[in-house]
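The chain contents come next:
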Amino acid sequence: MPRSTELLGGLLLGLAALVVSGGAAGQAAQQGQSAGSPAAPVRSMEDLAPPAQQGGIQGQNIFDVKPEVKPDASSDPDYMKQSNAERNKVQPGNSGPMWHAIARGVEGYSSLPKSQAPEAGILIQPPVQYPGSRMTTAGEAWRQVRNNWLIPYGGALVLIALGALAIFYFSRGPIGHHDAVGGGGRRIERFTPFERSAHWANAIAFSILAISGLVMAFGKFFLLPVLGGALYGWLTYALKNLHNFAGPVFAVSLVIVLITFVRDEFPQSGDLRWMLKLGGVFRKSGQELPAHRFNAGEKVVFWIGAFVLGLIAVASGLVMDHLIPNLVYDRGTMQIAHMVHAVATVLMMTLFALHIYLGTIGYRGAYTAMRHGYVDEAWAQEHHAYWHEDIKAGRIAAHRSQPPAAAGDVETARPA
Ligand code: HEM
């Protein structure tokens, strides 16, 4: 037989032997044949059963087999009770016990004096649940409140307020027909120099605080991509210092503003009607409802915006500046002060966006009145009819800071 035919015959015989021996090999595997034996084909889960070795369990499948664990340091039943020093002996470099203790709030040693740093030995604060956070370590809980609530919803509120004012301005336009002066009648002193300087000191400080606060809280979303890290870093650093400087100026001027204006901010007759009809701004005729020196809307902004929210913002700001004596300045205090400050100032910015809008482009003549102090009777009659009546009747002085002659108390009637 030629050599090639011999080879082919051999191959065919070998193949046939393989096919015939398939079932036998499976059986052999079941009976514990050695690893050197040919592998049995896998047809079902049963085929995955481990070889029945001596002492092995017939029919046991792969899911019942426990992986063999080589004993090491962690197999010691007292492993979890080990101190950091003990752990380091059996597993050099493993400082697990120390970190577990820190997470449980166990105090460690710190060279900082406790009088100055009450939490010096506590690296991670114990768990707490702040409103809106999960129950977790306090730093993480604060982070969740800030990132999940304050930033998205606070930012949305400010944007919605600005958008609503823009829509109002473009659909309704400025309120009123008369400028502060030039409409006719006597000049009336609306704000004394003292009232104006207190107001503007407060307004300027507020504007600095609002802009710097907005950049610190939201700047990374709209300024960082434009300015880049280096410039944005310097800007926020500068604004943070400006914020800390303007804060006390705002606090002092706010108290002066509150004391200066409070006597004309209490509810009076006609305020409720004014409020229910929003002063008549949406009336077709454009005629406003009568108001006293300050209308009901101004009074709401005064009490809610300046008094309640303003004082909360100042108090929480002073806490964050460590300026309130005898207070324990630990991280929990700072976290709570920060969350209170953020809520109060976002609400305040929303309300004062309305105040600033009305005090600049929203109300004809209002800005001039606060800038120069004077309005004429036409303006007073149009926006503050009750106040005008009181002045005409002599119940309220038309000039409070200087005599009428010095104030230029002359007719300012428009030419016919
Ligand atoms: C850039 C910011 C501000 C501008 C442009 C502004 C403008 C004005 C104007 C024009 C008036 C006169 C309104 C009228 O004649 O009835 C006024 C009144 C007043 N402003 Fe401002 N203001 C600003 C910020 C502030 C701030 C931050 C506060 C206090 C937290 C404040 C408190 C007051 C108070 C108490 C009055 C008296 C009448 C009222 O209660 O509305 N203002 N403001």
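See the structure shown above.
Analysis parameters
- Residues numbered from 1 in each chain as written.
- Predicted model: local features only at pLDDT ≥ 70, side-chain atom pairs only at ≥ 80, totals over all residues.
- Helix = DSSP H or I, 4+ residues; strand = E, 2+ residues; numbered from the N terminus.
- Buried ≥ 20, exposed ≤ 12 C-beta atoms within 10 Å, placed from the backbone.
- Contact = placed C-beta atoms within 7 Å.
- Axes fitted to C-alpha atoms, helices over the stretch in contact; angles between N-to-C directions.
- Parallel < 35°, antiparallel > 145°, perpendicular 65-115°, else oblique.
- Left-handed = near helix turned anticlockwise from the far one by under 90°.
- Nonpolar A, V, L, I, M, F, W, Y, C, P; charged D, E, K, R; others polar.
- Near = placed C-beta within 6 Å.

Novice: Would you take a moment to explain the overall build of the protein chain for this structure?
Specialist: The helix and strand tally for the protein chain stands at 13 helices and four strands. A burial count over the protein chain gives 21% of its 416 residues as buried. Considering only intrachain contacts with a sequence separation of at least 6, the fraction spanning at least 24 residues in the protein chain is 62%.

Novice: Would you mind going over the packing of helix α9 (residues 296-320) against helix α10 (residues 331-362) with me for this structure?
Specialist: Packing of α9 against α10 leaves a shortest axis separation of 8 Å and a crossing angle of 150°. If you check the angle between α9 and α10, you find them roughly antiparallel. Seen along the crossing, α9 lies across α10 with a hand that is left-handed. A class-by-class count of the residues in the contact of α9 with α10 yields 16 nonpolar, nine polar and no charged.

Novice: Teacher, can you tell me more about the environment of Leu 347 here?
Specialist: Tracing the backbone through its elements, the reader meets Leu 347 in helix α10. When the C-alpha positions of Leu 347 and Gly 310 are compared, they lie 9.9 Å apart, and in sequence the two are 37 residues distant.

Novice: Before we go on, may I ask you to explain the site of the ligand in this structure?
Specialist: Not every one of the 25 residues close to the ligand is listed here, only the nearest: Ala 203, Phe 206, Glu 298, Gly 359 and Met 370. Sorting the residues of the shell around the ligand by element identifies α5 (193-222), α7 (229-261), α9, α10 and α11 (366-372) as the ones contributing at least two each.

Novice: Whenever I open this one, unusual backbone geometry confuses me. Can you help?
Specialist: A negative phi angle is the norm for most residues apart from glycine, just as the trans form is the norm for most peptide bonds. Of note in the backbone geometry, Leu 278 takes a positive phi value of approximately 45° without being a glycine. Within the element layout of this structure, Leu 278 appears in the loop between α8 (271-276) and α9. On the basis of neighbour count, Leu 278 is assigned to the partly exposed category, with 13 C-beta atoms found within 10 Å.

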